[in-house]
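Report on the structure
This is what each chain is made of:
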Amino acid sequence: MDLIIIPTFQEARAITGLVERILDIPELDTFHVLVVDDASPDGTGAVVREHPSYGDRVQLLERGGKDGLGAAYRAGFVWAEQHGYDVVVQMDADGSHPPESVFALVDALVGADVAIGSRYVPGGRTVDWSWHRRLISRIGNAYVRLMLGLPVRDCTAGFRAYRPGVLAAIAADGTEASGYSFQVETTWRASELGMRIVEVPITFVEREEGASKMTTSIAFEALWRVSAWRFLARPPGVGDTPRHLDEQIPT
Ligand SMILES: Nc1nc2c(ncn2[C@@H]2O[C@H](COP(=O)(O)OP(=O)(O)OP(=O)(O)O)[C@@H](O)[C@H]2O)c(=O)[nH]1
Ligand SMILES: [Mg+2]
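Described in the following lines is the structure provided in the data block. As the structure is a computational prediction, the values presented were derived from the model and not from experiment.

Calculation criteria
Residues numbered from 1 in each chain as written. Chains lettered and ligands numbered in written order. Predicted model: local features only at pLDDT ≥ 70, side-chain atom pairs only at ≥ 80, totals over all residues. Near = placed C-beta within 6 Å. Helix = DSSP H or I, 4+ residues; strand = E, 2+ residues; numbered from the N terminus. Nonpolar A, V, L, I, M, F, W, Y, C, P; charged D, E, K, R; others polar. Expected span 1.5 Å × (residues − 1). Buried ≥ 20, exposed ≤ 12 C-beta atoms within 10 Å, placed from the backbone. Arc of directions from axis to C-beta. Contact = placed C-beta atoms within 7 Å. Pairing = 2+ DSSP bridges. Axes fitted to C-alpha atoms, helices over the stretch in contact; angles between N-to-C directions.

Pro 7, Ala 72, Ala 93, Ser 212 and Lys 213 are the nearest of the 21 residues found near ligand 1. Looking at the shell around ligand 1, the elements that each hand over two or more residues are strand S1 (2-8), strand S2 (31-37) and helix H3 (69-82). Grouping the amino acids of the shell around ligand 1 by side-chain chemistry returns seven nonpolar, five polar and nine charged.

Printed below as a string of structure tokens:
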């Protein structure tokens with residue numbers, strides 16, 4: 001079985017619609033959904049437990065309180081490994097990442113370890129994003145690429161699929177980011193581990209319900225972490241000999 005992990009904080013109004021969309025896609029019938037909720041005061045966890053497929057295709061990992069996107073994903077990835085899932089997909093709860101594109105990401109794993117749903121490759125786009133959101137995202141990505149030299153256009157994307165077995169090396173151990181810089185950190189680690197990363201164009205849609213969780217402290221964490229990583233030869237815990245690609249990708 002495969003797993004889609006959705007971290008949530010205050011997404012009670014959005015989560016059911018997204019879960020329904022996922023469960024309704026015939027190509028995704030091998031997928032379960034894991035919502036990782038940080039004790040959202042709006043009752044996101046309770047909404048998930050009320051879903052008719054709860055305990056079957058819909059699972060919930062409840063955490064004690066708001067602890068950041070990175071921590072939520074680390075817990076979700078460990079859970080996926082403990083439960084023996086194969087492909088793992090990560091996506092936001094707010095509808096920005098179209099579940100209809102999950103299959104394209106999974107398809108791209110035939111020749112890759114990580115597939116990123118990308119706004120910034122030909123065919124990818126953002127819908128209803130204000131000019132200043134676009135600008136911040138573009139500047140952020142340009143800064144990350146410049147600092148870390150990553151071969152990826154959309155380093156901050158939160159919509160990804162991982163080939164079975166690669167997550168433990170990339171993310172579960174050794175990552176340190178708590179906020180959205182976790183996305184950059186996992187891209188960097190995958191790249192330094194010699195993993196093959198592909199970008200699949202997606203249409204990113206501005207959230208319809210709820211509010212953004214982006215704060216100045218999350219943005220500041222991203223800035224200082226990326227700047228500090230610039231001065232490390234490689235991510236902590238990553239050896240100096242990247243695995244050879246032939247060893248990782250079945251032909
Ligand atoms: N579990 C958990 N989830 C979080 C936390 N912070 C954000 N999220 C979730 O991470 C996903 C991305 O957060 P968003 O607020 O949509 O971030 P964003 O896409 O940069 O902001 P918008 O464009 O305004 O939506 C959403 O599903 C959030 O509910 C957190 O601290 N814990
Ligand atoms: Mg969002």
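So much for the structure itself; the text now carries on.
Residues spaced three or four apart along an α-helix face the same direction, because each turn holds 3.6 residues. Over its 14 residues, helix H8 (residues 216-229) runs 20 Å from end to end, which matches the ideal 20 Å to within 8%, given 1.5 Å per residue. Within H8 the residues assigned to the buried category are Ala 222, Val 226 and Trp 229. Viewed end-on, H8 has its buried residues packed into an arc of 65°, placing them on one side of the element. Exposed residues pointing more than 90 degrees away from the buried face of H8 are listed as Thr 216, Ser 217, Phe 220, Trp 224, Ser 227 and Ala 228. Tucked into the core, H8 has its buried residues touching helix H5 (131-148) and helix H7 (181-192).

Taken in spatial order, the seven strands line up as S3-S2-S1-S4-S7-S5-S8 in an open sheet, and their pairing is mixed. Every other strand in the sheet has two partners, leaving strand S3 (58-62) and strand S8 (197-201) as the edge strands with one partner each. Sheet twist, expressed as the mean angle between neighbouring strand axes with direction ignored, is 20°. Examined bridge by bridge, S1 and strand S4 (residues 88-90) share three bridges and lie parallel to one another. Looking at the pairing, Ile 4 lines up with Val 89 of S4.

Below, the discussion takes up unusual backbone geometry. For Ala 39, which is not glycine, the phi dihedral falls at a positive 50°. Among the structural elements, Ala 39 can be located in the loop between S2 and helix H2 (44-49). On the neighbour-count criterion, Ala 39 (14 C-beta atoms within 10 Å) is partly exposed. A positive phi angle, near 65°, is found at Asp 128, a position not held by glycine. Following the sequence through the fold, Asp 128 ends up in the loop between strand S6 (125-127) and H5.

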